[in-house]
Amino acid sequence: MRAPKGTARLLAAGVVACLALTACGSGDSGDKGSSASGKGGGEFTYWSMWRADEPQAKVIKAAIDKFQAETGTKVTVEWQGRDVRQKIGPAIAANKAPDLWDQGADVISTTALAGQAADLSDVYAAEVPGEGKKVSEIIDTKYTDGLPKDPEGNTKWVLPYELVSAALFYNAADPDLADIPTTWDDFIKLCDTLKGKGKACIASDGELGWENFLTLDYLLVRDNGAGTLGKIVADKTGAGWDNPGVLESAKRMEQLVKGGYLIKGYDASKYPAQQTKWAKGGAAFLMNGSWVASEVAPLVGADWKMGAMPVPATKGGNTEADAILMGFSVPKRAKNPEPAKKFLAYFMKKENLEKIATEAKNITPRADIPAPAELEGVQKSLTENPVRTIMDNTPGEYGDKVIYPNFLELWHGKITAEEFVSKAKAAHIQYWKTAG
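Residues numbered from 1 in each chain as written. Predicted model: local features only at pLDDT ≥ 70, side-chain atom pairs only at ≥ 80, totals over all residues. Heavy atoms only, no water.

Caption draft 1: Local environment of the overall build of the protein. Secondary structure summary: the protein contains 18 helices and 10 strands in total. Oriented by its inertia axes, the alpha-carbon framework of the protein measures out at about 65 × 55 × 35 Å. For the protein, buried positions account for 57% of its 436 residues. In the protein, once contacts between residues fewer than 6 apart in sequence are set aside, the share between residues at least 24 apart is 79%. (Helix = DSSP H or I, 4+ residues; strand = E, 2+ residues; numbered from the N terminus. Buried < 20%, exposed > 50% of the residue type's maximum accessible area, 1.4 Å probe, protein only. Contact = heavy atoms within 4.5 Å.)

Structure, rendered in structure tokens:
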């Protein structure tokens, strides 16, 4: 599956442009020290990233219906779909934004960094109705602690309800994959063994820049430590690309290409051709987001058992897991923040949130809600390891202009690792000259 619109691959350019007008704007703020545990009643508006017919929308709608019945609060919902990312910027600029909206944290961060997202610390401090625990006690704050800070130093500008992670997915029932490697060297040995049996080690739809880059994104962390890509992007001089460890990670990708470990024809394939072949046993591993489990469910055999493996440790031994947070945000100038925030605490109730797992077939940030069976390995990785935002919250425009075009040349075997680093640095410098 292609990365969902609204993740790190696609930044809302309209949000950036419009928020530039409002970052220092005037107007009364609707965020008046509101409390998420205030009395019921009132009303608020909500723009959703989901279409009304999607599983997540049905889960949220059911919770909203109960919330309205129990509290007397009126909730006006617009099921905008992914286009909400394009509409929120102009709405905030015109002071016509909803009281609540949701998206990937990478898109919401655009509003937060412009000072246009409310601090939700009071939501995290509020009690989950009927459970006797605060929101911060049932949702590990490690998922927000690593987010970029808004102008006031806050990272709690989003309340996640769904987690997406990247991993190397495989059929755990495949006897060739009974012993999953924990180091990069052992991974290469496994690829050699599979190659000797005439089986591709890795499937890849070669046109997809974001998905295929995820392996290198992991390797940059494994070889150089957390935050490496973010530091590269932030250094306008381009010096970050000169780090020897960056070249080392790129050479590992080149190793996969030159080693002949990739499925035949990947470099000319269009999504979802090779993903489909992988699901039917044509290759051992597929790097993708955790949404792929439900995507291929109709394709896999009855004996298929979904497994998920993080990119193995290299010499650095770093074990951080990647995550994208799908969650709620309250605009800073929302007209009715109090009832919106009260709903957020209400939605975190186990009886509401567990349906994201049981009905929408995704992982929630509550460790006491089991993931769908096919994503148990992903949840285990997220729970047991430190967590970082996929691609360090790199702007989608940077990826489109600097990373993906040059990376795909490396991935397709057209350039060397050294040439990739050189071309990426040149594109980086040009990007910042244009961006200012």
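There's plenty left to go through after this.
Caption draft 2: A look at the packing of aromatic side chains. Considering all chains together, one arrives at 24 aromatic pairs under this definition. Relative to W79, the ring of Y46 lies with its centre 6.0 Å away and its plane at 80°, an arrangement referred to as edge-to-face. Taken together, the residues Y46 in strand 1 (residues 43-48) and W79 in strand 2 (residues 74-79) connect sequence positions 33 residues apart. Residue Y46 is classed as buried on the basis of its relative accessible area of 0%. Given a relative accessible area of 25%, W79 falls into the partly exposed group. Between F328 and F343 the ring centres are 6.2 Å apart and the planes differ by 80°, which places this aromatic pair in the edge-to-face class. Separated by 15 residues along the polypeptide, F328 in strand 9 (residues 321-329) and F343 in helix 14 (residues 337-347) bring together distant segments of the chain. Since its relative accessible area comes to 0%, F343 is described here as buried. (Phe/Tyr/Trp six-rings, centres within 6.5 Å; stacked < 30°, edge-to-face > 60°.)

Caption draft 3: Expanded view of the environment of Q116. Along the chain, Q116 turns up in the loop between helix 4 (105-113) and helix 5 (121-125). Under the relative-accessibility criterion, Q116 is labelled buried at 6%. In sequence terms Q116 and P331 are 215 residues apart; their C-alpha atoms lie 5.8 Å from each other.

Caption draft 4: Quick peek at the pairing of strand 7 (residues 283-289). Most of strand 7 sits inside the fold, with 7 of its 7 residues counted as buried. Pairing between strand 5 (residues 166-171) and strand 7: 4 bridges, direction antiparallel. Residue pairing in the sheet places A166 in a bridge with G289 of strand 7. Summarising the sheet, strand 6 (residues 200-203) and strand 7 pair through 3 bridges and their orientation is parallel. Looking across to strand 7, one finds that I202 is bridged to F285. (Pairing = 2+ DSSP bridges.)

Caption draft 5: Focus on the state of the cysteines. Under the defined criterion, the tally for this structure stands at 1 disulfide. A sulfur-sulfur separation of 2.2 Å characterises the disulfide bridge that pairs C191 with C201. Given an S-S torsion of about -50°, the disulfide between C191 and C201 has left-handed geometry. Placement of the pair is C191 in helix 8 (residues 184-196) and C201 in strand 6, with a sequence separation of 10 residues. Each member of the pair C191 and C201 is classed as buried. (Disulfide = S-S within 2.5 Å.)

Caption draft 6: Molecular detail of the sheet that holds strand 5. If you trace the 4 strands from one edge of the open sheet to the other, you get 6-7-5-8, paired in mixed fashion. The two strands at the open ends of the sheet, each matched to only one other strand, are strand 6 and strand 8 (306-309). If you compare each strand with its neighbour and ignore which way they point, the axes differ by 30° on average. Sheet strands touched by helix 8: strand 5, strand 6, strand 7 and strand 8. Its angle to strand 6, the strand with the most contacts, is close to 115°. (Axes fitted to C-alpha atoms, helices over the stretch in contact; angles between N-to-C directions.)

Caption draft 7: Summary view of helix 18 (residues 417-435). Spanning 19 residues, helix 18 covers 26 Å between terminal C-alpha atoms, matching the ideal 27 Å at 1.5 Å per step. Those residues of helix 18 not exposed but buried are A417, F420, V421, A424, A427, H428, Y431 and W432. Projected down its long axis, helix 18 carries its buried residues within an arc of 135°, all on one side. Looking at helix 18, the residues exposed on the side facing more than 90 degrees away from the buried face are K433 and T434. Where helix 18 is buried, its residues touch helix 9 (209-224), helix 10 (228-234), helix 11 (244-258) and helix 17 (396-411). One or two residues past the end of helix 18 sits G436, with phi positive at roughly 90°. (Expected span 1.5 Å × (residues − 1). Arc of directions from axis to C-beta.)

Function cannot be inferred from these measures alone, as they are strictly geometric.
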